[in-house]
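Observations on the three-dimensional arrangement
Here's the letter readout for the chains.
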Amino acid sequence: MREAPRALQLVAAAAALLCSAAAGDAAPLRPAPSAPAAAQWAVEGDLRRLERTVREHARGASVDTAELRERLAALRFLEGPLARRLETSLCTMVGAAHARGSDADEVRLLALLREVLHSRLVGPDGAAARQHLERGILLRPLTEPSEARAGAALVLAPVGKPDPRPVFAEDSTRTSLLAATGDPDPEVAGLALDALVGEPTARLSLARAALAELRASRQPAPRPFGSSPEPPPTRALERLARHEAIERAAAQTREGVPAPLEAPEAEAIHAALAAAWLQGEWRQASAAVRSATVVPALRAAGPLVEALDVWNRRSLVAPRGGGPTTGAVRVQGEIVAVLELHAGVALGPGPARWRSWLAALGRGETALVGTDPDATRAEFFGLPLQSGAVAFLLDASGSMASPMVAGGSAPTTAGTSRFRAAQRELLAALARSPEPIWFEVVLFESSARRYAAEPRLGTPEERERLAAWLAKQEPGGATRLGEGLSALWPPQPGTLRLATSPCDTVVVLCDGATVEDGADASAFLARGPGEDRVRFHALQIGMGPADAIETLARESGGLFLRIAQ
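Residues numbered from 1 in each chain as written. Predicted model: local features only at pLDDT ≥ 70, side-chain atom pairs only at ≥ 80, totals over all residues. Heavy atoms only, no water.

Evaluated as defined, the whole model comprises 24 salt bridges. Between aspartate 309 and arginine 313 there is a salt bridge whose closest N-O contact spans 3.7 Å. Linking aspartate 309 with arginine 313, this pair stays in helix α14 (residues 297-315), spanning 4 residues, or about one helical turn. Salt-bridge contacts for arginine 465 lead to glutamate 462; the nearest nitrogen and oxygen are separated by 2.9 Å. Note that arginine 465 and glutamate 462 are positioned in helix α18 (residues 460-471) at a spacing of 3 residues, about one turn of the helix. Note on glutamate 462: relative accessible area 8%, which makes it buried. What emerges from the salt-bridge pattern is a single network uniting Arg84, Glu87, Arg120 and Asp125. (Salt bridge = Lys/Arg side-chain N within 4 Å of Asp/Glu carboxyl O. Helix = DSSP H or I, 4+ residues; strand = E, 2+ residues; numbered from the N terminus. Buried < 20%, exposed > 50% of the residue type's maximum accessible area, 1.4 Å probe, protein only.)

All right, on to the confidence of the model for the protein then. Mean pLDDT for the protein: 79, with 79% of residues reaching 70 or above. When the criterion is pLDDT under 50, residues 6-35 qualifies, and its contacts beyond four places in sequence or with other chains add up to 10 contacts. Across residues 219-233, confidence stays below pLDDT 50; counting only partners more than four residues off in sequence or on other chains, it has 11 contacts. (pLDDT = per-residue confidence, 0-100. Contact = heavy atoms within 4.5 Å.)

Here we come to the packing of helix α13 (residues 282-290) against helix α15 (residues 328-343). α15 packs onto α13 with a crossing angle of 10° between their chain directions and a minimal axis gap of 9 Å. Between α13 and α15, the angle is such that the two are roughly parallel. Contacts between α13 and α15 pair Trp282, Ala285, Ser286, Val289 and Arg290 from the former with Arg330, Val331, Glu334, Ile335 and Val338 from the latter. Class assignment of the residues belonging to the contact of α13 with α15 gives a composition of 6 nonpolar, 1 polar and 3 charged. (Axes fitted to C-alpha atoms, helices over the stretch in contact; angles between N-to-C directions. Parallel < 35°, antiparallel > 145°, perpendicular 65-115°, else oblique. Nonpolar A, V, L, I, M, F, W, Y, C, P; charged D, E, K, R; others polar.)

Written as structure tokens, this is what we have:
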């Protein structure tokens, strides 16, 4: 009889376990929790469900804002480790909602999430919450996803932008946002810069960093024999240029007059930039030209015209052993673009016309009006090719056999297959160039097909050989962009870096999603092409998703265009 109670206990325990498993929560047997422990378990369950909702939202699922508000009511006053998990989840959802902000539901969701996180920053646990957003999320690019870091930057930004003098709750927030302007993700870095607009201390810090960078680039450190050349530093300079552009736009809405850079280093920055426009390394010159917004327009015009003359002459000098003069034509095109933006007229790449324009301004006369009568340029589906060394990566997958549709961006190709239309545009672009372009051509599908092992000069004879080769090619297979990229950038033995390319500009064309995604494209750029300042332009035939090629263009400073169908 003494065994009966023990048997009953075992039966009861087994029944409890079966009931728990049927409910989908087969946890190990443990004693009945006390009231505080049961409440803690319930909160942890709510938090796990919220984290699952965040993951689903990141994959594109919609969120019921009213239901989420009720769920957060029980979680918004958490403290300790659970609170840090809550803040990370909410920042991740903020970043994802911001990326899809045009949707009305996402706008409402974003407002709710920011409201909850702002209340946490000023609540009893506010100091710990702020420290977690700054140091545990925003400044952790290696461990935290881009969505979470972007969300933290949005939440830490002062409320009520634009504001002439934004007030930060803590000095640590300003410091963290300044550090985040160097985030490897351009979107996160841009949001941090947006948050600092109007903050004079931030402006001064960015100016000092840019000046230090410019000075360091003129005194390169020695490197071991046989190692890869390090690209010149340009990140701080680009951050300052973007910050200045945002500052001027915000100043126009506040006062009507853009405020000049007010820093003791301003004169030195102007002089260093002018020197960088003229220096021999094209990557540094390119970054400096695109940062010309730091210098007042009229002050920049004279040095830019002199730099245009220098880079015109350099574009005509072939390197030893032959091959393309990488970067020179691209810098030339970038200088012309900045001058035309300042002047409001298109005078082309000839320095003489720009000197006449400057002389007219100096005499107080009306500047030259009109365009360069001799201006011609190479274009690929309307995309200007401002480079003397271009690589073309063309989709050769099976879907490229589909016909082009009348009424699109290239009506003359209607009825022609997408594959043949791309070939026709490529040959026309090479033929329209005022000077022969050095080019490479790679067709990618399940594998890659390369026209030649080295760049070729686009002479009439070479274009005929290219046309004959293209005529023999047929589309087929999957859309594996990585195969085409690997053909141009094979891995360097014994290193994580990819080989360098003699082409400073790449044009990628495809008609649909690739096997690779945006993360793959970012990882590719980080292994060398991004640091080498190779610029990718991307064109898509149609309107479907194109995450990989869009990321290549956005993160390298190129253009992403869709060819309407």
